[in-house]
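Letter by letter, the chains look like this.
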Amino acid sequence: MYSAPRSILAVAVFLMSSLSGTVAFPQTVKFIRRAAEPLPVANLPLGRAPCIRESGSAVSLSYPATPARGDVKSPCDASAMSMRSVNPCNPASLTQIGCKTSRDLVQEDLAAMGKPGQKILRARDRVLEILQTENACSAWFREKDSNPADTFRTLGFEVDRNGEGFVLESKGPSNMTIFRNPYVAKVFQGDGQYATVTINTNGAFFYAMAGVVELWKEGGPISHRGPRLTNVGPYAGDTINAQMLVLLHEFGHVLDLLPADENNVDGKSVQNTNEVVRFCRAEIESKARRGALSAWR
Ligand SMILES: [Zn+2]
């Protein structure tokens, strides 16, 4: 049941530079605490608690403040118009009639979701291949789940079409410039089977670039500038590598294999992504290469 308070985790891309040089933090994760309430699937995008975003804490202990806090509106406040792929075989669902284990209903729903669904499906297939075989990545997930592929297969997907699509630029302490990219994906921490992964259609899962919006304190003007490249960990946005990494990262939260990374405090989101990369990089890049080869045929 869904009566306990839960948390939503989101992957976002996070870049930061200072006037004295450039320091890039390729990824952060936004952690959203949600008030306790039942979570019927149909209500998922509605009534979200206001989100607090924090920036700066990922930089180093030299920047303990959270300069962008309060200045940036979180996308999770938006009433999401979303398409979703909900597995009707979820035991919590009232519509289990006709469910057969031989059918992959999530796959069918994604296939019917149009282009976003196709991209998610492609990454999902590759991740399933990774999890179904013996390798360092699947062994890592088996620390928490003896059959991670079976659990991953139950995950539903939805897309957030109202997710933010701009890089937000703001000033932090010591005139530091902070760039916060749109969030990429989010999921409830420790949700287990039949969890729903929400992917921002305007984030780095689907786009390699995002326009920059400068935010000035004290109600100053908002100005738009040219696009910046987005990325997920070491991979450029809108690549199969990045998409696999996003799904593996979120799956790590679903299994509680990765710790919560609220607001990227102490750079935990970056650490989590690095952890996924550490165990799964070889498989991610192997699957991506294999996909590229087959595309030539
Ligand atoms: Zn995370």
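Owing to the predicted nature of the structure, the values given are computational and were not obtained by experimental measurement. (Residues numbered from 1 in each chain as written. Predicted model: local features only at pLDDT ≥ 70, side-chain atom pairs only at ≥ 80, totals over all residues. Heavy atoms only, no water.)

Our next topic: the overall build of the chain. Scanning the chain from N- to C-terminus turns up 6 helices and 12 strands. Within the chain, the proportion of its 297 residues that are buried is 54%. Sequence separation of 24 or more characterises 66% of the internal contacts of the chain that already satisfy a separation of 6 or more. For the chain, the exposed area adds up to about 13300 Å²; of that, 55% sits on carbon and sulfur atoms. (Helix = DSSP H or I, 4+ residues; strand = E, 2+ residues; numbered from the N terminus. Buried < 20%, exposed > 50% of the residue type's maximum accessible area, 1.4 Å probe, protein only. Contact = heavy atoms within 4.5 Å. Areas by Shrake-Rupley, 256 points an atom, 1.4 Å probe, with all protein chains shown as cover.)

Per the counting criterion, the structure on display carries 5 aromatic pairs. Geometrically, the ring pair formed by tryptophan 140 and phenylalanine 279 is stacked, given 4.8 Å between the ring centres and 10° between the ring planes. One end of the pair, tryptophan 140, is in helix H3 (residues 136-141); the other, phenylalanine 279, is in helix H6 (residues 268-296), with 139 residues separating them in the sequence. Assessed through its relative accessible area of 4%, tryptophan 140 is described here as buried. Between phenylalanine 152 and phenylalanine 251, the ring centres sit 5.2 Å apart and the planes meet at 80°, which makes this aromatic pair edge-to-face. Of the two residues, phenylalanine 152 sits in helix H4 (residues 148-154) while phenylalanine 251 sits in helix H5 (residues 240-254), which places them 99 residues apart along the sequence. The pair formed by phenylalanine 152 and phenylalanine 251 is uniform in burial state, with each residue classed as buried. (Phe/Tyr/Trp six-rings, centres within 6.5 Å; stacked < 30°, edge-to-face > 60°.)

Bringing the confidence of the model for the chain into the picture now. When pLDDT is averaged along the chain, the result is 72; 60% of the residues meet or exceed 70. Of all secondary-structure elements in the chain, the lowest mean pLDDT belongs to strand S2 (residues 21-23), at 36, while H3 reaches the highest, 98. Within the model, pLDDT remains below 50 along residues 12-82, and this stretch shows 211 contacts once partners closer than five positions in the same chain are excluded. (pLDDT = per-residue confidence, 0-100.)

Turning next to the coordination of the zinc ion. Every protein donor of the zinc ion is listed here as His249 (NE2), His253 (NE2) and Asp261 (OD), and their distances to the metal cover 2.0 to 2.1 Å. Ordering the donors of the zinc ion by residue number gives the pattern H-x3-H-x7-D. Comparing histidine 253 with aspartate 261 shows no difference in burial state: the two are buried. (Donors = N, O, S within 2.8 Å, 3.2 Å for Na, K, Ca; no water.)

Moving on, we get to the state of the cysteines. Here the structure, examined in full by the defined rule, presents 1 disulfide. Linked covalently through their sulfurs, cysteine 137 and cysteine 280 form a disulfide whose S-S length is 2.1 Å. Across the S-S bond linking cysteine 137 and cysteine 280, the dihedral sits near 80°, which makes this disulfide right-handed. In this pair, cysteine 137 is assigned in helix H3 and cysteine 280 in helix H6, connecting sequence segments 143 residues apart. (Disulfide = S-S within 2.5 Å.)

Turning to the pairing of strand S8 (residues 196-200), a few remarks are in order. Burial within S8 is extensive, with 5 of its 5 residues counted as buried. Burial along S8 is two-sided: the residues Thr196, Thr198 and Asn200 and Val197 and Ile199 are all buried. Pairing analysis gives 5 bridges linking strand S5 (residues 156-160) to S8, with the strands arranged parallel. By the bridge assignment, phenylalanine 157 is partnered in S8 with valine 197. Bridge analysis of strand S7 (residues 177-188) against S8 gives 2 bridges, and the strand direction is antiparallel. (Pairing = 2+ DSSP bridges.)

What follows is about the packing of helix H2 (residues 115-132) against H5. Taken N-terminus to C-terminus, the directions of H2 and H5 make an angle of 65°; their axes are 9 Å apart at the nearest point. Judged by the angle between their axes, H2 and H5 are roughly perpendicular. Seen from above, H2 lies across H5 with right-handed handedness. In contact with Lys119, Ile120, Arg122, Ala123, Arg124, Arg126, Val127, Ile130 and Leu131 of H2, H5 contributes Ile240, Gln243, Met244, Leu247, Leu248 and Phe251. Of the residues belonging to the contact of H2 with H5, the class tally is 10 nonpolar, 1 polar and 4 charged. (Axes fitted to C-alpha atoms, helices over the stretch in contact; angles between N-to-C directions. Parallel < 35°, antiparallel > 145°, perpendicular 65-115°, else oblique. Left-handed = near helix turned anticlockwise from the far one by under 90°. Nonpolar A, V, L, I, M, F, W, Y, C, P; charged D, E, K, R; others polar.)

We now examine the environment of arginine 126. Along the chain, arginine 126 turns up in helix H2. The buried category is assigned to arginine 126, whose relative accessible area is 12%. As a C-alpha pair, arginine 126 and lysine 287 span 161 residues in sequence and 6.5 Å in three-dimensional space.

Its 18 residues give H2 an end-to-end C-alpha distance of 26 Å, which sits within 8% of 26 Å, the value for a rise of 1.5 Å per residue. Where H2 is concerned, the buried positions are Pro116, Gly117, Lys119, Ile120, Leu121, Ala123, Arg124, Arg126, Val127, Leu128, Ile130 and Leu131. (Expected span 1.5 Å × (residues − 1).)

Take unusual backbone geometry next. Non-glycine residue asparagine 175 carries a positive phi angle of around 60°. Along the chain, asparagine 175 falls in the loop between strand S6 (167-171) and S7. Given a relative accessible area of 43%, asparagine 175 falls into the partly exposed group. Positioned with a positive phi, tyrosine 194 is a non-glycine residue whose angle comes to about 65°. Positionally, tyrosine 194 belongs in the loop between S7 and S8.

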